[in-house]
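A look at the structure
What follows is each chain in one-letter form.
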Amino acid sequence: MSNEHAHAPAHDDDEHNPHLAHHFDTMGQQTASAKLGMWLFLATEILMFSGLFLAYFILRMLYPEMVLEAHEHLSKWAGGINTVVLLTSSYTMALGVRSIQLGDVKKLRLMLVLTILCGCIFMVVKYFEYSAKFEHGMLPGKFYSAHLHGYEIDGLPHIFFGVYFLMTGLHGVHVVIGLAIMLWMFVRAGRGEFGAKNYVAIENTGLYWHLVDLVWIFLFPLLYLVK
Amino acid sequence: MAKVFLNGQPVEHPHEVHEHISPMSTYNGVIGALFVLTGLTFAVSFADLGPASLTVAMVVAFIKATLVVAYFMHLKYDDKFHLFVFLGTIIFVGIFFGFTMFDMKSRDALNDEQETFVRWKEQENAGKGLVVGVDNVPERRAKVLAEIEAHGGGHGGGEHGGGHGGGEHKAEAKAEHKAAAH
Amino acid sequence: MSTAVQSQDPHPAVEPSYLVSKRGLMSWLVTVDHKRLGLMYLASVMFFFLIAGILAIALRTELFTPDQDFMSAQTYNQVFTLHGAIMVFLFIIPSVPAALGNFFLPLMLGAKDVAFPRLNLLSFYVYSVAAVFLIVAILTSGLDTGWTFYTPYSTSTGTAVITATAGVFIAGFSSILTGLNFVVTVHKMRAPGMNWNRMPLFVWAIYSTAVIQVLATPVLAITLLLLIIERSLGIGIFDPAMGGDPVLFQHFFWFYSHPAVYIMILPGFGIISEIITVHSRKHIFGYKAIALSSVAIAVISFVVWGHHLFVSGQSELAGVLFSFLTFAVGVPTAIKVFSWVATLYGGSIQYNTACWYGMAFLWTFTVGGLTGLPLSTLAIDVHLHDTYFVVAHFHYVMVGGTVVAFIGGLHHWWPKMTGRMFNETAGKWGCLLVFIGFNVTFMTQFFLGHQGMPRRYYAYLPEYQVMHQVSTIGSYILAVGLLWTLIYLMHSLWKGEKAPSNPWGAVTLEWQTQSPPIEHNFHETPHIHGSPYDFPEIDKSAGALHH
């Protein structure tokens, strides 16, 4: 959501600032627009995920025993490790933003690398979790076949696993998109596009990444822990 | 002529960027608290709290979310309008959840009272019997059908939506519901 | 007939307009100029209006006799579904905001462009991709679910539900991007002196619309995603055969789609506010009331969706609650209508085409709004639900409201957008035909519905025949009126008089630049010192300008 058109280092005079797009009067206006735009985008993300959370709560309401039984088959440890990993990545991302606020591009790049690393660990754990579910036939909807693998879950567990895959899957897609954005930011930071007065793109990337974390903060207890 | 305006108002010092920079200790404290809370909610999940476990987990999650939003996302120091956008969004999520859950809950109560249970009755009326489970789970389907048979089910074809009447019928409908839910 | 009030053009047209400042096809395809994008949207929505309009005429023709004529039941289902889906998702929702809003929002704010011009371009291409999906759906196996995609039929029918819902899903993103862009633009791009109390009412309306687009459309996205997954994987959230709840789908769907009805009508309110005040040469009555009622409608629209579920198996308790809340929408809406009428009172009204459309709106929208009250009354709705009464109500609001306002706005701003004046006499004939055709078509349907004619039937009992025939003839008159409008507007592009910069004597900023505007809108950033509806020279010498 950044509007930078040129790639030269920041300049103090707004009149000739190459980071200032033609239709804005000041950098302040441009930055404020970008941030408001990002917050509105986050609002749409929250509302989109809320549909899945509502589906989950209604599933719990309609089939409480089945949900309790089915969720025992999710690995608490995998979920827990991923929670710690994702929280850590949020931390490093926040430090990255702090670094560029202080004008330290080197540290920003380091923090981006650490964040990307955490994101990758998250996806790897997710991969092992998913492949275990695939092996056990705990698949969504009509592909559900866990009973053929010796797992008897009473009720309609195919709905639970459908919701599980949808929620974690959509979240996973957001993680992957976040990783791609951070990689791009890493490259741009290397080109010297960011500075202490021009870092709204980094800040917005951070906001997006924290939202991904926020969603997980609710997903983890609801899917893995709650009885 | 002053050239610099924001929100229709002249800006005094357009080149200053008013961004709050939190000290490292804030970030360290927040991540520490997040880890502790994660550990807490993880540990609690092994204890058998019954229905309270949802409440506990949600309260902890809300505290964690507040920490992330306030400090990592800088909402505490940010433009107040961003806070308004965020809280507004939460309110609209609340509306979405509130009305839908209200209908689902009150529908159940009324269905019980009026001895109608729309979800299962509709399937009977489709003339196909109770189709639950999935196509590739024939055992389960057979099991459910057997249970329904045992309870004297399969009275398809009757009109639904009121006028079912009869205490026996009610017990029967409930039994079916139970059978199907398990 | 009104004479154009020529105000002194402060900047003689020396700079080339946005239409000719850059040349070549590529300069249009990759443009980030909000005005060019507005025109591109205008052309696109008009194209889909034409397609869906042809489908509507086909439906009315089939209904000319009680028996089946030239459409099978299946074809009829597909045609009314596509009529609805295209009209709603590709025409009405983007019509005013994306076409006129894109063009005039930055101009009215005194900005050089919207806040995110490249996002604006992206939004247009996302919309185009959505359109391609829907066209593919039509060309393959069609779609016969109705535009609401209710489960479980949509998860079991053999038609191209996934392709079509994917198209709507994508169109939703275009809508979100436009809304997000507009909210930021209104907050951050206002010219010096343009505080909230000096914003034109069209801006207020577009702003409220954009807020709904941002808040509601994501829920549509997830609903359709769930529907696609339900249909392909059978996860059992909506499909009762898999253990799901079909009424839940309706909750999800209407949480978006009821506010979406206000995405469709609110911008129309904004246009009418502009037209009424400018063409009656009088300060708008109740500026704040109209502005804030737009916001109020936007908020209330989120708590009334359950009135679509009165007979769907929703709990009676929820039904009562939603019925009560639905009445609340009537309050801010009535505030608007009263304010418009009060604005007209004592004004020096210029009876030109745009004003005619404004007056037509006041009649048709009021009928549409008032017939909403019986439908929101729980007990009465049980009888009227799924009859032509609902069809007529919906069309009175959407066609009589939004489309009439849209065409009115098109006439109001045509000189600014194209730099050409259209023929006023031709315009009035067109408006008359549209107004008569529309009322004959849909007024009849209130009576049909009241007598029990259900909607979505390709054949019907013979006693309804006379009214169906009247309705069909009305639809032909409406079609002729719309085609006539298209013809003279196109004609004006080549043969029309050159438009002055401010033909109506309006005060809002878009009229303070040349017609058509230059690429960066204004030669220098305008400063705003007062209300957009003070007509100083007119108030002082009222009557002198009015002959």
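Just so we're clear, the structure is a prediction, and the values are computed from it rather than from any experiment.

Rules behind the numbers
- Counting of residues starts from 1 at the beginning of each chain's written sequence and follows it residue by residue.
- Labels follow written order: the first chain is A, the first ligand is 1, and so on.
- With the structure being a predicted model, the display of local features is reserved for residues of pLDDT at least 70 and the display and counting of side-chain atom pairs for 80 or more, all residues being used for whole-chain, interface and lining totals.
- Only hydrogens and water are removed before side-chain values are computed, so all heavy atoms of the structure are retained for them.
- Secondary structure elements are taken from DSSP: a helix is a run of H or I of four residues or more, a strand is a run of E of two residues or more, and numbering for both begins at the N terminus.
- With a 1.4 Å probe rolled over the protein chains alone, any residue whose accessible area is under 20% of its type maximum counts as buried; one over 50% counts as exposed, and the rest are partly exposed.
- By definition in these notes, contact holds between two residues if any of their heavy atoms fall within 4.5 Å.
- Method for areas: the Shrake-Rupley scheme with a 1.4 Å probe, in which residue coverage is limited to the protein chains shown.
- Remark: nonpolar core denotes a set of buried residues (Ala, Val, Leu, Ile, Met, Phe, Trp, Tyr, Cys) joined through side-chain atoms within 4.5 Å.
- For any pair of parts, buried area is found by adding up, for both, the accessible area (1.4 Å probe) each one loses once the two are put together.
- When a carboxyl oxygen of Asp or Glu is within 4 Å of a side-chain nitrogen of Lys or Arg, the pair counts as a salt bridge.
- Polar contact criterion, stated in full: a pair of N or O atoms within 3.5 Å, where within protein one must be able to donate a hydrogen and the other to accept it, and residues adjacent in sequence count only if both atoms are side-chain atoms.
- Axis angles are defined between N-to-C directions and span 0 to 180 degrees, where every axis is a line fitted to C-alpha atoms and, for a helix, only to the segment in contact.
- When an angle is under 35 degrees it counts as roughly parallel; over 145 it counts as roughly antiparallel; between 65 and 115 it counts as roughly perpendicular; any other value is oblique.
- Left-handed describes a crossing whose near helix is turned anticlockwise from the far helix by less than a right angle; the clockwise case is right-handed.
- Each residue receives one of three labels: charged for Asp, Glu, Lys and Arg, nonpolar for Ala, Val, Leu, Ile, Met, Phe, Trp, Tyr, Cys and Pro, and polar for the others, Gly being one of them.
- To estimate the expected span of a helix, count its residues, drop one, and scale the result by 1.5 Å.
- The term bend refers to the angle at a residue between two fitted axes, each drawn through seven residues, those ending there and those starting there.
- Patch building starts from residues that exceed 30% relative accessible area and form no salt bridge, then joins like charges within 9 Å and nonpolar side chains (Val, Leu, Ile, Met, Phe, Trp, Tyr) within 5 Å.
- What pLDDT conveys is the predictor's confidence in a given residue, as a value from 0 to 100.
- For this analysis, a ring pair means two rings from Phe, Tyr or Trp (six-membered ring only for Trp) whose centres lie within 6.5 Å, classed as stacked if their planes differ by under 30 degrees, edge-to-face if by over 60, and tilted for the remaining angles.
- By definition, being over a ring means that NZ of Lys or CZ of Arg is both within 6 Å of the ring centre and within 35 degrees of the ring normal.

For chain C, the count of helices and strands is 17 helices and zero strands. Across the 547 residues of chain C, 64% fall into the buried class. Considering only residue pairs separated by 6 or more positions, chain C has 82% of its internal contacts joining residues 24 or more positions apart. Accessible surface, chain C as shown: approximately 18,300 Å² in total, 71% of it carbon and sulfur.

Turning to the nonpolar core, a few remarks are in order. As a rule of thumb, soluble globular proteins bury nonpolar side chains together. Within the largest apolar cluster, 290 residues are counted, with the highest numbers of intra-cluster contacts made by Phe160 of chain A together with Phe89, Leu100, Trp340 and Phe361 of chain C. Looking at which element gives the most residues to this core, the answer is helix α3 (residues 73-109) of chain C, with 23 residues. Not counting residues within four places of it along the chain, the set of residues in contact with Leu100 of chain C comprises Ser95, Leu105, Phe202, Ile271, Phe406, Gly409, Leu410, Trp413 and Met417 of chain C.

On to the interface of chain A and chain B. Taken together, the contact pairs 68 residues of chain A with 67 residues of chain B. Of the roughly 6,100 Å² buried where chain A meets chain B, counting both sides, 71% is carbon and sulfur surface. If you look at where chain A meets chain B, you find one salt bridge. Between Asp78 of chain B and Lys35 of chain A there is a salt bridge, with its nearest N and O atoms 3.3 Å apart. Counting every contact that joins chain A to chain B gives six residue pairs in polar contact (both at pLDDT 80 or more). Put simply, the parts of the chain that give the side of chain A that touches chain B at least two residues each are α1 (27-62), α3 (76-101), α5 (157-190) and α6 (200-225) of chain A. Among the elements that take part in the side of chain A that touches chain B, α1 of chain A stands out by supplying 18 residues, more than any other.

With that settled, the discussion passes to the packing of α1 of chain A against α6 of chain A. To describe two helices that pack against each other, one gives the angle between their axes and the distance between the axes. All names here are of chain A. Two elements in contact, α1 and α6, have axes whose closest approach is 10 Å; the angle formed by their N-to-C orientations is 15°. One element, α1, and the other, α6, form an angle in the roughly parallel class. Judged by the twist between their axes, the crossing of α1 over α6 is right-handed. Within the contact of α1 with α6, the residues separate by chemical class into 19 nonpolar, two polar and three charged.

Turning our attention to helix α7 (residues 201-233) of chain C. Residues and elements named next belong to chain C. The terminal C-alpha atoms of α7 lie 47 Å apart, and with 33 residues this matches the ideal 48 Å at 1.5 Å per residue to within 8%. Ala216 marks the point of greatest bend in α7, at about 35°, and the proline Pro218 comes within the next four residues. For α7, the tally of buried residues reaches 29 of 33 residues, placing the bulk of the element in the interior.

Turning next to the environment of Val329 of chain C. Residues and elements named next belong to chain C. Checked against the element boundaries, Val329 lands in helix α10 (residues 316-344). Owing to a relative accessible area of 8%, Val329 belongs among the buried residues under this scheme. The sequence separation of Val329 and Ser301 amounts to 28 residues, and the corresponding C-alpha distance is 7.3 Å. With residues up to four places along the chain from it excluded, the contact list for Val329 reads Tyr262, Ile300 and Val304.

Now for a nonpolar patch on the surface. Residues and elements named next belong to chain C. On the surface, Leu50, Ile54, Leu483, Leu486, Met490, Leu493 and Trp494 cluster together into a nonpolar patch covering about 690 Å² of accessible area. Here the nonpolar patch gets five residues from one element, more than from any other, and that element is helix α16 (residues 465-495). As for its placement among the helices and strands, Met490 is situated in helix α16.

Before going further, it helps to examine the side chain of Thr326 of chain C. Residue and element names in this part refer to chain C. Residue position: Thr326 is located in helix α10. The buried category is assigned to Thr326, whose relative accessible area is 11%. Within the structure, the side chain of Thr326 is placed 2.5 Å from the backbone oxygen of Phe322, a separation counted as a polar contact.

The predicted model of chain A has a mean per-residue pLDDT of 89, with 93% of residues at 70 or higher. Ignoring residues within four places in sequence, the model shows residues 1-14 of chain A, a span with pLDDT below 50, making 47 contacts including any to other chains.

For the rest of this paragraph, the subject is the confidence of the model for chain C. All names here are of chain C. Confidence in the prediction of chain C, expressed as mean pLDDT, is 91, and 95% of residues score 70 or more. For residues 1-10, every residue scores under 50 in pLDDT, and the model assigns this stretch 18 contacts once sequence neighbours within four places are set aside. pLDDT under 50 marks residues 539-547. Its contacts with residues more than four places away, or in other chains, come to ten contacts.

Our focus in this paragraph is helix α2 (residues 34-62) of chain C. The first and last C-alpha atoms of α2 of chain C sit 42 Å apart over 29 residues, in line with the 42 Å expected at 1.5 Å per residue. Taking the backbone nitrogen of Lys35 of chain C as reference, a side-chain oxygen 3.0 Å away marks Asp33 of chain C as the first, capping residue of α2 of chain C.

Glancing now at the pattern of salt bridges. Residues and elements named next belong to chain C. Scanning all chains against the criterion turns up ten salt bridges over all chains. Here Glu519 makes a salt bridge to Lys22, at a shortest N to O gap of 2.7 Å. Of the two residues, Glu519 is situated in the loop between α16 and α17 (536-540) and Lys22 in the segment before α1 (25-29); the sequence distance between them amounts to 497 residues. Exposure remark for Glu519: the relative accessible area of 25% places this residue in the partly exposed category. Ionic pairing is found between Asp386 and Arg455, a salt bridge with its closest N-O pair at 3.5 Å.

Here we come to the packing of aromatic side chains. The full count for this structure, using the stated rule, is 63 aromatic pairs over all chains. For the pair Trp39 of chain A and Phe86 of chain B, a centre-to-centre distance of 5.9 Å together with 80° between the ring planes defines the contact as edge-to-face. Taken together, the positions of Trp39 of chain A in helix α1 and Phe86 of chain B in helix α3 (residues 80-113) put the pair across two chains. Judged on exposure class, the residue Trp39 of chain A and its partner Phe86 of chain B are both buried. The ring of Trp184 of chain A is capped by Arg188 of chain A, whose NZ or CZ atom sits 5.0 Å from the centre of that ring. Stacked on the ring of Trp196 of chain C, the Lys or Arg Arg190 of chain C has its end atom at 4.6 Å from the ring centre.

For the rest of this paragraph, the subject is the packing of α10 of chain C against helix α11 (residues 353-370) of chain C. All names here are of chain C. As a packed pair, α10 and α11 sit with axes 11 Å apart at the nearest point and diverge in direction by 150°. With respect to α11, the element α10 is oriented roughly antiparallel. Here α10 runs over α11; the crossing is left-handed. In this structure, α10 contributes Thr333, Val337, Trp340, Val341 and Leu344 to the contact, and α11 contributes Met359, Phe361, Leu362, Phe365 and Thr366. Looking at the contact of α10 with α11 residue by residue, the class counts come to eight nonpolar, two polar and no charged.

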